[in-house]
Amino acid sequence: MINDTASPRRIRVRRRSLARVLIPAALILVWLVGAGLGGPLFGKVGEVSSNDQTSYLPSSADATQVQALLGEFNDSDAIPAIAVFVGDGELSDAQLAAIDDAIAGAPDVEGVANEVSPGIPSEDGKAVQAFIPISSDAELGDAVSALGDELRAATPDDVAVYITGPAGFSADLVAGFAGIDGLLLGVALLAVFLILVLVYRSALLPIVVLSTSLFGLCVALLVVWWLAKWEILLLSGQTQGILFILVIGAATDYSLLFVARFREELRHTKDKGAATMAAWKGSLEPIAASGGTVIAGLLCLLLSDLKSNSTLGPVAAIGIVFAMLSALTLLPALLFTFGRAVFWPRRPAFEPEVVAAETGVATKGLWAALARGIQKRPRLIWIVTTLVLVAGATGFTQLNASGIPQSELVLGASEARDGQVALGEHFPGGSGSPAYVIVAEDSLQEVADLLLAHDGVESVSVNASDSPSGTASVTEDGITAFGPPGTPAPDPTVVDGDVMLQATLSDAADSDAAASTVRDLRTELSEHDALVGGVTATSIDTNDTSIHDRNLIIPLILVVILAILMLLLRSILAPVLLILTTVLSFGTAMGVAAWVFNGIFDFPGADPAVPLYGFVFLVALGIDYNIFLMTRVREESIKHGTREGILRGLSVTGGVITSAGLVLAATFAALSVIPILFLVQLAFIVAFGVLLDTFIVRSLLVPALSYDIGRSIWWPSKLSRGKK
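Report on the accompanying structure. These numbers come from a predicted model, not from an experiment.

Description of the overall build of the protein
Within the protein, the regular secondary structure consists of 22 helices and ten strands. Its C-alpha atoms give the protein principal-axis dimensions of roughly 115 × 60 × 50 Å. Burial analysis of the protein (724 residues in total) assigns 55% to the buried set. Contacts in the protein between residues at least 24 apart in sequence constitute 80% of all its contacts with a sequence separation of at least 6. When the accessible area of the protein is evaluated, it comes to approximately 30,100 Å², of which 59% is carbon and sulfur surface. The average position of the 43 basic charges and that of the 70 acidic charges among the side chains of the protein differ by 40 Å.

Set out below in structure tokens:
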């Protein structure tokens, strides 16, 4: 009888033991397969991404509508490049002949289309420009580089050659984003690894945590890549860089929280399986709440009109989902597999009697000392820190976030920027990047006259397919041919009753003066139902849409996060105070950033999306640390009362949250290795803001304010009527 009853029991024990081994092994295998499929896609994101600004505008924008019609008028979707040849003085006949030969040979360069214009000398005789289209099927960066090399080789050494225009600036962006797959990822991973080594002083644990983050990124990239391939999501170099940083930073933060819980549990029990499960249960709520808050904030971006914003939301949200999943599945499986050995050489001891004796707030260490300081002078601490943050936030008004010239998007040396300067010195500033005006054929001359009458317009032409150059000049006397006297005027190209005029602006296409001209033209031509597009119009529409998105999304994110915090903390007052402190921290980060950008780096301004992205990441991610803190405080308050719970929560979470803040700040700071102004500014704002949240808001302001308020912080929940 004994053997009969013992046998099923032994079978159940064996099954449980087998399951404990097989489940972690299966989880590790699944993540290995996912990483194996996603890993090879690094370096291939360019195949499914686009950095064309027009493709991110809403379809209703004038610039978008004009861009859609350009191919019908030009019979080509090539990207125009402008070759600028500049001599030391007036160009000689021999130099001009060499330049003409070089231009004639441009179509032989791989990626260059055949419709190359002849050289156009400047009035001062010191420069020549030529319009050389780059095929849309070509690798833009390679084609522009090869074209520049070929033209320089074919011209005398005393003639400087620049490739500028839309193709030149786009090639700069391609080159700027080239380091995302290698340099950015390498710097971010190295920074995180060094921090983890310092935090854990372990050989194996940093590798386990970093592997968790990297595997999460590989699987997230796998999903995002295919969604972009199927044209469900729109991907850009900017979005790609943010995805990489966000997943590495968030997954590492969640892993740090889980590892801290695992270490705590190992002091209670010898059983690594029980410790893993207890750590999972203790980490699930804060990690899910933190990740859910970030995801909810990111998905608010779906309401943006600007597609670069609306597509970032789901892309980044997918990244956060896999950051959470890797921290809650792969990491526990790895920690169970290695057990205490993962902490070698500082393995946590099994000491239940010591844990049982720890009845009060910790008395040793930095965080215990900070908790004692808050206990003595809570009101003084939160008032002083608030005043310091308010003082820093006063610089917010100095941030010029109304947009920047296209020529300033890329930091460092830029041939396209130098070429634009040279172009402006010898030709009308808007040469090569005209304003395109779509208007009814019967209004052609009237609209052309309005364009010519504007001080910001240098000349006007109309697309004419039967003209050798593809265009014909339009003056007050009508259409005239480009060519020898007596050449008959060609007929304009008509598409569905409309013609396309090209207005060469007097100022550089990305200048404030050109933007003012285009805005004036849109107003003056509104009665003719004209559409005005082109490089300048695209920039205007992008900035205007971005400002609209910023004003809509920021309040919405605040409401969504506030609602989530209320559900999580079962309180109204605590979430409101957490939101207010986080917003104050954001204001301080932006204020300090404005001083740094203006006074130290002398940046030309900022994109309107910089404050929006800064807000999304600082509020959504910055609130994480308050969630980590306050969920533990609430847990301790239920057992020991609110004020002691605050001190206990701060003491227990201080080290792990500080480590998490350092990791996230380091990963976002890594964005600054990509020489794109937007990413460099975002890197500073988020890195500085996260450190501010970590060391000031979460360590001083929130605990001191909560301690001063006492149990009322949990109003109106039952906990607000419990122990003080």
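Side note on the pattern of salt bridges
Counted according to the given criterion, the structure contains ten salt bridges. With a shortest N-O distance of 2.9 Å, Arg261 and Glu635 are connected by a salt bridge. Highlighted residues: Arg261 in helix α8 (residues 237–268) and Glu635 in helix α20 (residues 609–640), separated in sequence by 374 residues. Given the relative accessible area of 11%, Arg261 is considered buried. With its nearest N and O atoms 3.0 Å apart, the salt bridge here joins Asp544 to Arg519. In this pair, Asp544 sits in helix α18 (residues 535–569) while Arg519 sits in helix α17 (residues 512–524), placing the two residues 25 residues apart along the sequence.

So, a nonpolar patch on the surface
A grouping of Leu29, Leu32, Val33 and Leu37 is seen on the molecular surface, where their side chains present a nonpolar patch of about 380 Å² in accessible area. With respect to the helices and strands, Val33 occurs in helix α1 (residues 2–38).

About the cut-offs
Residues numbered from 1 in each chain as written. Predicted model: local features only at pLDDT ≥ 70, side-chain atom pairs only at ≥ 80, totals over all residues. Heavy atoms only, no water. Helix = DSSP H or I, 4+ residues; strand = E, 2+ residues; numbered from the N terminus. Buried < 20%, exposed > 50% of the residue type's maximum accessible area, 1.4 Å probe, protein only. Contact = heavy atoms within 4.5 Å. Areas by Shrake-Rupley, 256 points an atom, 1.4 Å probe, with all protein chains shown as cover. Lys, Arg positive; Asp, Glu negative; His and termini not counted. Charge placed at Lys NZ, Arg CZ, Asp CG, Glu CD. Salt bridge = Lys/Arg side-chain N within 4 Å of Asp/Glu carboxyl O. Patch = residues over 30% accessible without salt bridge, like charges linked within 9 Å, V, L, I, M, F, W, Y side chains within 5 Å.

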